[in-house]
Amino acid sequence: MIYLSGAVQPSLRHPRIGWMVTPEMGNVLPDHGWWAADNGCFTNPTGFSWAKYEAWLTVRLSQAADRFLFATAPDVPFDGDGTLARFDEYITRMAATAPRIAMVTQDGMHSEDLRWDDFDALFVGGTTEWKTGQESAAICLEAGRRGKWVHMGRVNSMRRIRAAQSMGCDSVDGTYLKYGPDVNTPRLLRWMAEVERQPPLRWNGGK
């Protein structure tokens, strides 16, 4: 599993640590580590600008396409129906901009709602209760069966890392390194090493 930090630490080099970056972060992208692009809708749901996202993503890809995992399609936080409509609105433009697209899941979605052939990765979003719940787990299972990369957002504890692992996630992201990085960085590395040593859990409802 790869941990994509939303707090960029250029001095941190580890094969299991990468970066989750957004347009609001500007030009910050280390010259090492896997990275993924997030559209920024979670932190600024009403202020999304396709022109800004497209221009920023095009520059980032020109700099580090060889380390790129995915870019999230525009979504509506916590709103499954709204996200599906927004995905339909932007998918053609996303496909022309990014080589690998992530569909963001949100509360109320079902596996049969998704246009599986139109994206490469599944980004597990939504409220904490929903994203670790039964329907979300079923969507992740189907994504894995179809060979999609599976990612979970807002993961900042060992418990949540193990929950993500149990749902078949290949990567997670969080802001754990933003505060107290001198203490939290070695702790996070221990968590990742422990996950690597232990066999995957079966999904248990996020407990």
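What you see is a predicted model; the values in this text were computed from it and never measured.

Definitions and cut-offs
- Residues numbered from 1 in each chain as written.
- Predicted model: local features only at pLDDT ≥ 70, side-chain atom pairs only at ≥ 80, totals over all residues.
- Heavy atoms only, no water.
- Salt bridge = Lys/Arg side-chain N within 4 Å of Asp/Glu carboxyl O.
- Helix = DSSP H or I, 4+ residues; strand = E, 2+ residues; numbered from the N terminus.
- Buried < 20%, exposed > 50% of the residue type's maximum accessible area, 1.4 Å probe, protein only.
- Contact = heavy atoms within 4.5 Å.
- Pairing = 2+ DSSP bridges.
- Right-handed = clockwise from strand over helix to strand, strands pointing away.

1. Describing the pattern of salt bridges
Here's step 1: Applying the stated criterion across every chain, the model contains six salt bridges.
Here's step 2: Among the salt bridges present, the one from R13 reaches D31, with a minimum N-O distance of 3.4 Å. Of this pair, R13 sits in the loop between β1 (2-5) and β2 (17-21) while D31 is found in the loop between β2 and β3 (35-37), placing the two residues 18 residues apart along the sequence. Considered together, R13 and D31 belong to a single accessibility category, that of exposed residues.
Here's step 3: Here R115 ties to D118 by a salt bridge, and the two come within 2.6 Å at their closest N and O atoms.
Here's step 4: Looking at R115, the relative accessible area reads 36%, which means it is partly exposed.
Here's step 5: Among the charged side chains, a salt-bridge network with shared partners connects D88, R115 and D118.

2. Section: the side chain of N39
Here's step 1: Position of N39 among the secondary structure elements: in the loop between β3 and α1 (50-64).
Here's step 2: Apart from the residues lying within four places of it in its own chain, the contact partners of N39 are P23, F48, Y53, T72, A73, P74 and D75.

3. Considerations on the pairing of strand β8 (residues 171-174)
Here's step 1: Burial along β8 is two-sided: S171 and D173 and V172 and G174, pointing in opposite directions, are all buried.
Here's step 2: In this structure, β1 lies alongside β8, joined through four bridges in parallel fashion. By the bridge assignment, S5 is partnered in β8 with G174.
Here's step 3: In terms of strand pairing, strand β7 (residues 149-152) meets β8 through two bridges, oriented parallel. Across the sheet, H151 pairs through a bridge with S171, a residue of β8.
Here's step 4: What joins β7 to β8 is helix α5 (residues 158-166), and the crossover it makes is right-handed.

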